[in-house]
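Examining the three-dimensional arrangement
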Amino acid sequence: MDVFGWSNVLLIFVICHLRMYATDVGTAKSLSVSPSDRDGCKPGAAASPTRTDSSKRVQALREEMAKEENGGLSAYIVPSGDAHQTEYVSNFDKRLRFITGFTGSAGMAVVTSKKAALWTDSRYYIQSDEQMDCQWILMKLYHEPPPPSVTEWLIAHLSPGDKIGLDPRLMKAERFQYYEKGFAAKNISLVPLMTNLIDQIWTEGRPKIKRSHLLILEMKYAGKAWQEKLADVREKMTQKNADVMVLAALDDIAWLYNLRGDDISYTPVFLSYSIITKNESTLYIQDREYKETAELKKHLTGSSGSVKIKDYNSFFDDLAKVNKNPDTRKIWIGKSSYAIWRTVDKEKRFEDYLPVAFMKSIKNSVERAGMRRAHLKDAVAKIDFFAFLEKAVQAGEYWTELSATVKLSEFRSQQEDAKGDSFQTISSVGPNAAKPHYTPTNASDRQITMDEVYLLDSGGHYLDGTTDVTRTVHFGTPTEFVKEMYTRVLMGSINMAIWVWREGVHGYNFEASAHQAIWEVGLDYFHPSGHGVSMFMTIHEGPPHFSLWSSRLNQKLQEGMFFSNEPGYYQIGKFGVRLETIVEIVEAKTKYSLGNKQKFLRFEPISLVPFEPNLIQLDLMTREQKIWLNSFHQKCLKEVGAELIKQRRIEGYKWLAKRTEAVPLDSGSKNLFTNLYIVVTLVSSIVLSIG
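Below is a summary of the structure that appears in this document. Small disclaimer: the values here were computed from a predicted structure and weren't measured.

**Quick look at the state of the cysteines**
Covalent bonding between the sulfur atoms of two cysteines is what defines a disulfide. What the rule picks out here adds up to one disulfide. Residue pairing for Cys41: its cysteine sulfur links by disulfide to Cys134, the two sulfurs lying 2.0 Å apart. The sign of the -95 degrees torsion about the S-S bond sets the Cys41-Cys134 disulfide as left-handed. Placement of Cys41 in the loop between helix 1 (3-26) and helix 2 (55-66) and of Cys134 in the loop between helix 4 (125-131) and strand 4 (136-140) is noted, with a sequence separation of 93 residues between them.

Rendered as structure tokens:
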């Protein structure tokens, strides 16, 4: 794109941010939102088959709220997270799902004596509407017009002297204090209750707390010993004059001690806390078998000292003792839960961001190599799966969203060091693909045919890395509008991929380039265009992220980080397109140099799954975009093609070769080198298959 074009992109970006700011601070918000505003609850609307009747549960919660021992509450807040502020929580901790029926990963419910409301973002507008019964009001965050905030809505529906209950373990201190201040202005109290009221009423059918086997991650995967990591942490403590550091984020703890678990589905972490001093470190975990505990103690014993292992439930008592120790002057708690925050005296609290999350986001050389290997293996599995599925669907076989996810997991499990799916697969056909975080159920399962778009967002865990790839395909003849939207999403993805930037840029700076091709025809999508990805850990890794709606990120993009590149487009009730490719931030080789003063960076794609030529309108794309597409497809064919042949997955190789044929840059012929490479490797594959 020329300079004038990029100027327009940046102008749009600035205008968008100003508009968002004006919405936050200056727009009058209607407080008369009601359940009847929901599409699924309007007169004559048919009830969704995935709807949950939560009336008895809500009534039971209201009765619990009214009890004197619980403070005689007028309202109760139910966040979606757990005591560790985890995005994806264990089945035991899915309190929001229990009370609302909504299964998404982000939301907040509020129940008063007469009303009930849920706040969630654009990924879940449709899903939440379909899953909740019609006593619930749906508050659509980032929507126009904006809904009232939690504080605005509660203040409008409560009276001075009323009390609102909340489990202080489930909310960060910063947000708790924000709510508390807003309510106090109207003489309404926010009451922290360590007795969770959802736990009091969820007495039947509640899953048990999972105590999974702990896996010790070998150095060939971790790349750095836990003793070295702990030494780095203590160095940061010294720099900040902190006597104690408190860790509550599960992925931070698992990374620090080179351990993995399975206490939460799809996320290899384990319920834990850790308290670190200058001379000691303590790991608080759930009870484990004796043999496993012995192995764990051996792992956590080193020449520079050992890590103590204590019971998970003793953490808060120990933190209180550390706080009362007169030798403890400064306790680094980071952006912790309100429960941790209030346990530490004001004069001892240090709330700066904890360094472990930043350390974890920049992968070492071993982790970087592992991530590339994991994505190569995952590409083999996914390409072989697509080859199988396309052939089956075109032959008239019956395949659905659910059965396809089972088959894909089977293909993935055949790869070396596979440790299962990294999240619940988003397998979606036609109108279901218009729901960004849709997951199929028996009630919503839809057949995959040659008549509709099929969007597959899936990832895997391997001992050497975590993957997350989305591709949208069509096994028949798509409409011109579907092709245009696919192409525009692809253009946005390529726009992000071809950037070269000077070190120091933040993730949100890339959003305008991802949206530009959609914006120029008056359309949009409403989710971030990327997120950090961990090394055999959580699928969404912070603190770096991409988002049009938040510029709070205080960590710049750095070499060694891994991100998703995932623009999309969704037409409600019709179809959806999303293309997600994981990229590694690497140093860019530029024509000129500023010397040693400044490094330039770029994205290197490591998700080597081709795009769908059947859906591309080449006349929309620039020459530069086509050059990038050919280069990417050649890389897919070269690297994944060789691995497919090595594993004798000939059908997968043929499918890959067909989709990586070079596109003409102008009106000329296809790339001769690419086609010659296809011929040579195909002959090799035939020889191998005969052998």
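**Concerning the pattern of salt bridges**
For the structure on display, the rule yields 42 salt bridges. A salt bridge links Lys360 to Asp251; its shortest N-O distance comes to 3.5 Å. Note that Lys360 is positioned in helix 14 (residues 355-361) and Asp251 in helix 10 (residues 250-256), a separation of 109 residues in sequence. Note on accessibility: Lys360 and Asp251 belong to one class, buried. A salt bridge links Glu566 to Arg578; the nearest nitrogen and oxygen atoms lie 3.8 Å apart. Taken as a pair, Glu566 in the loop between strand 25 (562-565) and strand 26 (568-571) and Arg578 in strand 27 (residues 575-578) lie far apart in primary sequence, twelve residues in all. Through salt bridges with shared partners, a single ionic network connects Arg368, Arg372, Glu559, Glu584 and Lys599.

**Remarks on unusual backbone geometry**
The phi angle at Asp417 is positive, at roughly 65 degrees, despite the residue not being glycine. By the secondary structure assignment, Asp417 is in the loop between helix 16 (401-413) and strand 16 (418-421). Asp417 sits in the partly exposed class, given a relative accessible area of 23%.

**Side note on the sheet that holds strand 3 (residues 116-120)**
The six strands lie next to each other as 4-3-2-1-5-6, forming an open sheet whose pairing is mixed. One side of each edge strand has no neighbouring strand; the edge strands of this open sheet are strand 4 and strand 6 (189-192). Sheet twist, expressed as the mean angle between neighbouring strand axes with direction ignored, is 20 degrees. Judged from the four bridges that link them, strand 2 (residues 108-112) and strand 3 form a sheet pairing that is antiparallel. Looking at strand 3, one finds that Ala109 is bridged to Leu118. Packing of helix 2 onto the sheet brings it into contact with strand 1 (75-79), strand 2, strand 3 and strand 4, and relative to strand 2 it is tilted by some 65 degrees.

**A word on the side chain of Ser361**
In this fold, Ser361 is placed in helix 14. Judged by its relative accessible area of 2%, Ser361 is buried. A polar side-chain atom of Ser361 sits 2.8 Å from the main-chain carbonyl oxygen of Phe358. If we skip the residues at most four places from it in the chain, Ser361 touches Glu541, Gly542, Pro544, Gln555, Gly560 and Met561.

**Digging into the packing of aromatic side chains**
What the rule picks out here adds up to 29 aromatic pairs. Judged by centre distance (5.6 Å) and plane angle (75 degrees), the ring pair of Tyr284 and Phe315 falls under edge-to-face. Of this pair, Tyr284 sits in strand 11 (residues 281-285) while Phe315 sits in helix 12 (residues 315-324); the two residues are 31 residues apart in sequence, bridging distant segments of the chain. Across the pair, exposure class does not vary: Tyr284 and Phe315 are buried alike. Aromatic side chains Phe315 and Phe316 sit 5.0 Å apart centroid to centroid with 70 degrees between the ring planes, which places their arrangement in the edge-to-face category.

Quick notes on the rules
- The residue numbering used here restarts from 1 in each chain and proceeds along that chain's sequence as written.
- This being a predicted model, a pLDDT of at least 70 is required before a residue's local features are given, and a value of 80 or more before pairs of side-chain atoms are given or counted; all residues contribute to the totals for chains, interfaces and linings.
- To get the side-chain values, all heavy atoms of the structure are used, and hydrogens and water are removed first.
- Only a pair of cysteine sulfur atoms within 2.5 Å counts as a disulfide in this structure description.
- Note on conventions: DSSP H or I runs of at least 4 residues are helices, E runs of at least 2 residues are strands, and numbering of each starts at the N terminus.
- For this document, the term salt bridge refers to a Lys or Arg side-chain nitrogen within 4 Å of an Asp or Glu carboxyl oxygen.
- Exposed residues in this analysis have more than 50% of their type's maximum accessible area, buried residues have under 20%, and partly exposed residues fall in between, with area computed by a 1.4 Å probe over protein chains only.
- Strands are treated as partners if at least two bridges between them are detected by DSSP.
- The convention used is that axes are lines fitted to C-alpha atoms, helices contributing only their stretch in contact, and that angles between N-to-C directions extend from 0 to 180 degrees.
- Two residues form a contact once any of their heavy atoms are found within 4.5 Å.
- Residues adjacent in sequence count toward polar contacts only when both atoms are side-chain atoms; beyond that, a polar contact is any pair of N or O atoms within 3.5 Å, and within protein one must be able to donate a hydrogen and the other to accept it.
- Only the six-membered ring of Trp is used, alongside the rings of Phe and Tyr, when aromatic pairs are assigned; centres must lie within 6.5 Å, and planes under 30 degrees apart are stacked while those over 60 apart are edge-to-face, with the rest tilted.

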